[in-house]
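Here's the letter readout for the chains.
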Amino acid sequence: MPPEPALAGAARALVAGHAVCALALLVAATQHARLAWRAAGGRLDAGLARLYAAATAATYGATLVLGLLAYPTFRYQVRGLFLDRHAPWASNLFDTKETAVVLGLPVLAIAFGLSRLLDDTRARALAWPYAVAAALVAATAWFATVSGFAVAFARAV
Amino acid sequence: MTKPAALFVALGAAAIAFVVAYAYPAFASEALPWYYPADHAWVVEVRPTGVAIDLYARLAQACLAWSVVFAVALPIARRRREIGPRAVGLVAAWALTAIAFAMLFFAWTLHYRVPVPVPSEVR
């Protein structure tokens, strides 16, 4: 009988929750990026931008945590036993996505931190760094979600 | 714009620290706690001897570096009388460069990686 990694019994539920949170993240991050670019162009809706920044941070965090909990099962049963042998491209794509999501964390912190200062007139010079950070978070969310589904089509938990 | 710029400078510096701490094990022989999912065991080592995960340790290391640098940089930046647009631009450029460099390095490395599957007798 093959070894059973931690939380293997809950892995499918965790991955389903991970996917649902990822889809919510896509909506929140895209909308946040749109509002941030509007703010950089001088059309600021501070309340809505703050709301979507918080929604982006919450869904990013939830997606990451659920993914980390399901990861031992994925690493052994999916990647170790199947993908590494039959679909190495999917193993490599998954690790690229994982790296992109982790490296997106400090960018998320920048976007979230700057969204709290939108009402401050002294922060106007930071409108473009804020817009770029929000756009990078959205791009990371899109890349991670699309590549996550591509890997799942090759083999899921 | 001292206060908002100070926060941005601290977040930018912390982002650079995060990226450096996360990428460091890829360039140096650093012993990390690897998690072996099949054995439910943690082993501190430089290279794993089977199917193991270093993501948890690297993420924790990066978060720790982020927290330390943010905690140090924010009060220092706040104490500055003025942080001009040049300093803000410089921090943004360095943070963006660090993240882009790390991402490209990992994407390049992973594109050419040949994964080692679990030996069939273990299954």
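Check the entry above for the structure.
This one's a predicted model, so the numbers in the text were calculated from it and none came from an experiment.

Participant: What am I meant to see in the interface of chain B and chain A here?
Facilitator: It is common to give the size of an interface as the accessible area that goes away when the parts come together. Listed as interface residues are 41 residues of chain B and, on the opposing side, 41 residues of chain A. Roughly 3,800 Å² is buried in total at the junction of chain B and chain A, and carbon and sulfur atoms are behind 75% of that figure. Applying the counting criterion to the chain B and chain A interface returns one salt bridge. One salt bridge in this structure joins Asp95 of chain A and Arg113 of chain B, with 2.7 Å as the shortest N-O distance. Counting across the interface, chain B meets chain A through eight residue pairs in polar contact (both at pLDDT 80 or more).

Participant: Just to check I follow, could you spell out the environment of Ala46 of chain A for this structure?
Facilitator: Residue and element names in this part refer to chain A. Position of Ala46 among the secondary structure elements: in helix H2 (residues 46–86). You can call Ala46 buried: its relative accessible area is 10%. Taking the C-alpha atoms as reference points, Ala46 and Leu35, eleven residues apart in sequence, are found 8.7 Å from one another.

Participant: Quick question: what am I supposed to make of the packing of H2 of chain A against helix H4 (residues 127–154) of chain A here?
Facilitator: Axes are the key here: two packed helices are described by the angle between their axes and the distance separating the axes. Residue and element names in this part refer to chain A. Two elements in contact, H2 and H4, have axes whose closest approach is 11 Å; the angle formed by their N-to-C orientations is 30°. The pairing of H2 with H4 is recorded here as roughly parallel in orientation. Viewed along their axes, H2 and H4 form a crossing whose handedness is left-handed. Between H2 and H4, the residues in contact are Ala49, Thr56, Tyr60, Phe74, Phe82 and Leu83 and Tyr130, Val137, Thr140, Val151 and Ala154, respectively. Split by residue class, the contact of H2 with H4 holds nine nonpolar, two polar and no charged.

Participant: How should I be thinking about unusual backbone geometry in this particular structure?
Facilitator: Negative phi characterises most residues that are not glycine, and trans characterises most peptide bonds. Notably, Leu7 of chain A is not glycine yet its phi reads approximately 65°, a positive angle. Inspection of the secondary structure puts Leu7 of chain A in the segment before helix H1 (11–40). One non-glycine residue, His40 of chain B, adopts positive backbone phi at about 55°. As for its position among the elements, His40 of chain B is in the loop between strand S1 (32–36) and strand S2 (41–45).

Participant: Got a minute to help me understand the packing of aromatic side chains in this structure?
Facilitator: Given two aromatic rings, their pairing is described by the distance between the two centres and the angle made by the two planes. Following the criterion strictly, the structure yields 13 aromatic pairs over all chains and no others. Ring centres of Trp42 of chain B and Tyr56 of chain B lie 6.2 Å apart, and the angle between their planes is 55°; on these two criteria the pair is classed as tilted. With a gap of 14 residues between them, Trp42 of chain B in strand S2 and Tyr56 of chain B in helix H2 (residues 55–79) connect regions that are remote in the sequence. By relative accessible area, which is 52% here, Trp42 of chain B ends up exposed. On the basis of relative accessibility, which here comes to 19%, the residue Tyr56 of chain B falls in the buried class. One Lys or Arg, Arg155 of chain A, reaches over the ring of Phe82 of chain A and ends 4.2 Å from the middle of that ring. Sitting over the face of the ring of Tyr22 of chain B, Arg58 of chain B holds its NZ or CZ atom 4.6 Å from the ring centroid.

Thresholds, definitions, all that
Residues numbered from 1 in each chain as written. Chains lettered and ligands numbered in written order. Predicted model: local features only at pLDDT ≥ 70, side-chain atom pairs only at ≥ 80, totals over all residues. Heavy atoms only, no water. Contact = heavy atoms within 4.5 Å. Buried area = accessible area lost by both parts, 1.4 Å probe. Salt bridge = Lys/Arg side-chain N within 4 Å of Asp/Glu carboxyl O. Polar contact = N/O pair within 3.5 Å; in protein donor to acceptor, adjacent residues only side chain to side chain. Helix = DSSP H or I, 4+ residues; strand = E, 2+ residues; numbered from the N terminus. Buried < 20%, exposed > 50% of the residue type's maximum accessible area, 1.4 Å probe, protein only. Axes fitted to C-alpha atoms, helices over the stretch in contact; angles between N-to-C directions. Parallel < 35°, antiparallel > 145°, perpendicular 65-115°, else oblique. Left-handed = near helix turned anticlockwise from the far one by under 90°. Nonpolar A, V, L, I, M, F, W, Y, C, P; charged D, E, K, R; others polar. Phe/Tyr/Trp six-rings, centres within 6.5 Å; stacked < 30°, edge-to-face > 60°. Lys NZ or Arg CZ within 6 Å of the ring centre and 35° of its normal.

Without other data, these values stay purely geometric and don't point to any function.
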